[in-house]
Amino acid sequence: MREKIIILDFGSQTTQLIARRIRELNTYCEIVPYNKFPFGNEEGIMGVVLSGSPFSVYDESAFKADLSNIRGKYPVLGICYGAQFISHTSGGKVEPAGTREYGRANLSVVENDPLLSKISKGAQVWMSHGDTITAIPDNFSIIASTDQVRVAAYKVNDEKTWGVQFHPEVFHSECGMRIIENFLDICECSKDWTSASFIDETVKKLKEQLGNDKVILALSGGVDSSVTAVLLNKAIGKNLTCVFVDNGLLRKNEFENVLRDYEHLGLNVIGVDAKEKFYAELAGVTDPETKRKIIGKGFIDVFNAEAKKMTDVKWLGQGTIYPDVIESLSITGTVIKSHHNVGGLPKEMNLKLVEPLRLLFKDEVRRVGKELGMMSHLIKRHPFPGPGLGIRILGDITPEKVRILQEADDIYINGLREWNLYDKVWQAGTILLPIRSVGVMGDERTYENTVALRAVTSTDAMTADWAHLPYEFLAKVSNEIINKVKGVNRVVYDISSKPPATIEWE
């Protein structure tokens, strides 16, 4: 039986962060919509967390959950809106704060309580709310305050239910991890969910699930699909066949390099050179969404053709990870985003789906890969978009434009590695702009292309800041690209953050 914490998602931007913090403490947890508590499937549930929300508890449209069969049965921790909701529905009062309470505050522990065990005096916490609890029910006790917030944390006297007005999950709450760990101790969690235990458990389940069936898996060269392949290979060996498609939009020499890496891992991989097919279908297309659809359909066509050559394949392996699953559903359970890792293959293939990583965040996938003994450059590889360079060439795509971008990007990425900068950024890439400008090379006037360099720092790609790369590095890379890549005479650096910009340009 796997122990787990259930997080009821009321729409907070930091719900995933709560989950990440709990998992960092070697405890498995699941995020479910606020109204989708898994009644009838409660095996292993040790406690429940209520997230924050963009709503006020007294709004007519606010998300509301029936906690009558949860409170008293499990330890409960309400965070921000979650704390306000518990108090409000128990007879307390929640009102608009005079001013929005946002930023650092110092916590003063009013009453000794296991939730606040080992919290230092005046510890910083992070506030972010427009409402505040002004009165608590008679059977509630205040256990912490700040200068501005009287009810910073409370305990329900006759049950294991707590609420905190601040956000322990964010980095700025210096005692946040201690509070979350205290809650896990209250829940009597074993805290033994590790990469090694995940691998053992997953391989065992895959053997039971798949038996002697055959599985086909589409590889991208990225972290998720690579770790998926190694896990499946560990479970079923030769019954796994991997397909790696060269759509002509990969990085320079990537097709050959990735195939060599997979051979090193002992995987059964079929490499398919489909460059000409993709170039022909993309000729003259400039709209980004249309390009994405053509590339996606082209991949499906190639993959389907390879699958039909095989006999007795019953399963499709995919590198779906937990954020893919979360993003595919709204907190009301309505599909709001059809993720690239969820569905999309022709129904006539009639394959069942196996997704060994669907419970993991990206950083957890990397830890599993390391535990599996995979090569560092595969595990630490930057995220790379499914359509590849197709959305890093603004405008129409031609083999010549691909060549230019591959050459420039190769210099940039290799430069990051040589300067020990690659592992310090979340994602980096080069973009070929539909802009030509005048330049001078030697005694000749040139009129050639511009490329933009992009590098961002992030933890999960939900937000990102532009990477402050050294000027000396940027100068060297710029000079090398202009000198060595025929067709480029200007290099620019993108200093936009997300939001408002996105990481990719298309």
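Residues numbered from 1 in each chain as written. Predicted model: local features only at pLDDT ≥ 70, side-chain atom pairs only at ≥ 80, totals over all residues. Heavy atoms only, no water.

Peer 1: With reference to specific residues and values, describe the overall build of the protein.
Peer 2: Helices and strands together make up the secondary structure of the protein, namely 13 helices and 19 strands. Overall size of the protein, expressed as C-alpha extent along the three principal axes, is 80 × 60 × 40 Å. Put simply, the protein has 506 residues, and 56% of those count as buried. Just so you have it, the protein exposes about 23200 Å², and 49% of that area is on carbon and sulfur atoms. Taking the 60 positively charged and 66 negatively charged side chains of the protein as two groups, their mean positions are separated by 2 Å. (Helix = DSSP H or I, 4+ residues; strand = E, 2+ residues; numbered from the N terminus. Buried < 20%, exposed > 50% of the residue type's maximum accessible area, 1.4 Å probe, protein only. Areas by Shrake-Rupley, 256 points an atom, 1.4 Å probe, with all protein chains shown as cover. Lys, Arg positive; Asp, Glu negative; His and termini not counted. Charge placed at Lys NZ, Arg CZ, Asp CG, Glu CD.)

Peer 1: Explain the sheet that holds strand S6 (residues 108–109) to me, using residue names and the numbers behind them.
Peer 2: The strand order S2-S1-S3-S4-S10-S9-S8-S6 describes an open sheet built from eight strands, whose pairing is mixed. What marks the edges here is a single partner per strand, and that holds for strand S2 (29–33) and S6. This element, helix H2 (residues 81–88), spans strand S3 (45–50), strand S4 (76–79), strand S8 (140–145), strand S9 (153–156) and strand S10 (161–164) of the sheet and lies at about 115° to S4. (Pairing = 2+ DSSP bridges. Contact = heavy atoms within 4.5 Å. Axes fitted to C-alpha atoms, helices over the stretch in contact; angles between N-to-C directions.)

Peer 1: Outline the nonpolar core, supporting the account with residue identities and numerical values.
Peer 2: The biggest cluster of nonpolar side chains holds 47 residues, and the ones touching the most others in it are Ile216, Leu249, Tyr412, Leu416, Leu469, Phe473 and Ile481. Membership of the second largest hydrophobic core comes to 40 residues, among which are Val49, Phe166, Phe183 and Tyr322. (Core = buried A, V, L, I, M, F, W, Y, C linked by side-chain atoms within 4.5 Å.)

Peer 1: I'd love a proper account of the pattern of salt bridges, names of residues and values included.
Peer 2: Under the defined criterion, the tally for this structure stands at 32 salt bridges. A salt bridge links Lys275 to Asp273, with the nearest nitrogen and oxygen atoms 3.0 Å apart. Note that Arg358 and Glu355 form a salt bridge whose closest N and O atoms lie 2.4 Å from each other. Overlapping salt bridges, with partners in common, bring together Arg178, Glu181, Asp185 and Lys191 in one network. (Salt bridge = Lys/Arg side-chain N within 4 Å of Asp/Glu carboxyl O.)

Peer 1: So, the packing of aromatic side chains: which residues are in play, and what are the values?
Peer 2: The description of two aromatic rings rests on the distance between their centres and on the angle between their planes. On inspection of all chains with the given rule, the structure shows 18 aromatic pairs. Where Tyr34 meets Phe63, the ring centres are 4.6 Å apart and the plane angle is 25°; that geometry is what we call stacked. Of this pair, Tyr34 sits in the loop between S2 and S3 while Phe63 sits in the loop between S3 and S4, placing them 29 residues apart in sequence. Residue Tyr34 shares its accessibility class with Phe63, and that shared class is buried. (Phe/Tyr/Trp six-rings, centres within 6.5 Å; stacked < 30°, edge-to-face > 60°.)

Peer 1: Before we move on, can you summarise the environment of Arg392 with the specific residues and values?
Peer 2: Mapping Arg392 onto the fold places it in the loop between helix H11 (376–379) and helix H12 (399–418). We classify Arg392 as buried; its relative accessible area is 2%. Remark: the alpha-carbon pair of Arg392 and Ala452, spanning 60 residues in sequence, is separated by 9.6 Å. Setting aside its immediate chain neighbours within four residues, Arg392 contacts Arg251, Pro383, Phe384, Pro385, Leu405, Gln427, Ala428, Gly429, Thr430, Ile431, Leu432 and Glu504.

Peer 1: Tell me what's going on with unusual backbone geometry, and back it up with residues and numbers.
Peer 2: Across the junction of Lys498 and Pro499, the peptide omega takes the value -15°, indicating a cis bond. Along the polypeptide, Pro499 turns up in the segment after strand S19 (488–493). For the peptide bond that leads from Pro499 to Pro500, omega is 10°, which places it in the cis range. Note that Pro500 resides in the segment after S19. Its identity as a non-glycine residue notwithstanding, Lys118 has a phi of 65°, on the positive side. Note that Lys118 resides in the loop between S6 and strand S7 (124–135). A positive phi angle, near 60°, is found at Glu188, a position not held by glycine. Relative to the assigned elements, Glu188 resides in the loop between helix H3 (176–186) and helix H4 (195–210).

Peer 1: Lay out H4 in plain terms, naming residues and giving numbers.
Peer 2: Between the first and last C-alpha of H4 there are 22 Å, a value that for 16 residues agrees with the 22 Å anticipated at 1.5 Å per step. Looking at the buried positions of H4, the neighbouring elements they touch are strand S11 (214–219), helix H5 (223–236), strand S14 (313–317), strand S15 (352–354) and helix H10 (362–371). Gly211 lies just past H4 and shows a positive phi near 55°. (Expected span 1.5 Å × (residues − 1).)

Peer 1: Describe the sheet that holds S11, and please don't skip the residues or the numbers.
Peer 2: Hydrogen bonds between backbone groups are what pair the strands of a sheet, and the pairing can be parallel or antiparallel. Spatially, five strands are ordered S13-S12-S11-S14-S15 in an open sheet, and the strand pairing comes out parallel. Pairing within the sheet leaves two strands with one partner each, and these edge strands are strand S13 (269–273) and S15. Sheet twist, expressed as the mean angle between neighbouring strand axes with direction ignored, is 30°. Strand direction decides the pairing type here: S11 and strand S12 (residues 240–246), joined by five bridges, are parallel. The partner of Ile216 across the bridge, within S12, is Thr241. Contacts from H4 reach S11, S14 and S15 within the one sheet, and its direction differs from that of S15 by about 170°. This element, H5, spans S11, S12, S14 and S15 of the sheet and lies at about 160° to S11.

Peer 1: With reference to specific residues and values, describe the packing of helix H7 (residues 275–282) against helix H8 (residues 288–308).
Peer 2: Here H7 crosses H8 at 145°, and the two axes come no closer than 10 Å. You can see that H7 and H8 cross each other, and the crossing is right-handed. Two secondary-structure elements touch here, H7 through Lys277, Phe278, Glu281 and Leu282 and H8 through Lys291, Ile294, Ile295, Gly298, Phe299, Asp301 and Val302. Classifying every residue of the contact of H7 with H8 gives six nonpolar, one polar and four charged. (Left-handed = near helix turned anticlockwise from the far one by under 90°. Nonpolar A, V, L, I, M, F, W, Y, C, P; charged D, E, K, R; others polar.)

Peer 1: I'd love a proper account of the pairing of S14, names of residues and values included.
Peer 2: Among the five residues in S14, four count as buried, and that is most of the element. Summarising the sheet, S11 and S14 pair through four bridges and their orientation is parallel. Pairing of Leu217 across the sheet is with Gly317, part of S14. Here three bridges tie S14 to S15, and the two strands are oriented parallel to one another. Residue pairing across strands places Trp315 opposite Lys352, the latter belonging to S15.

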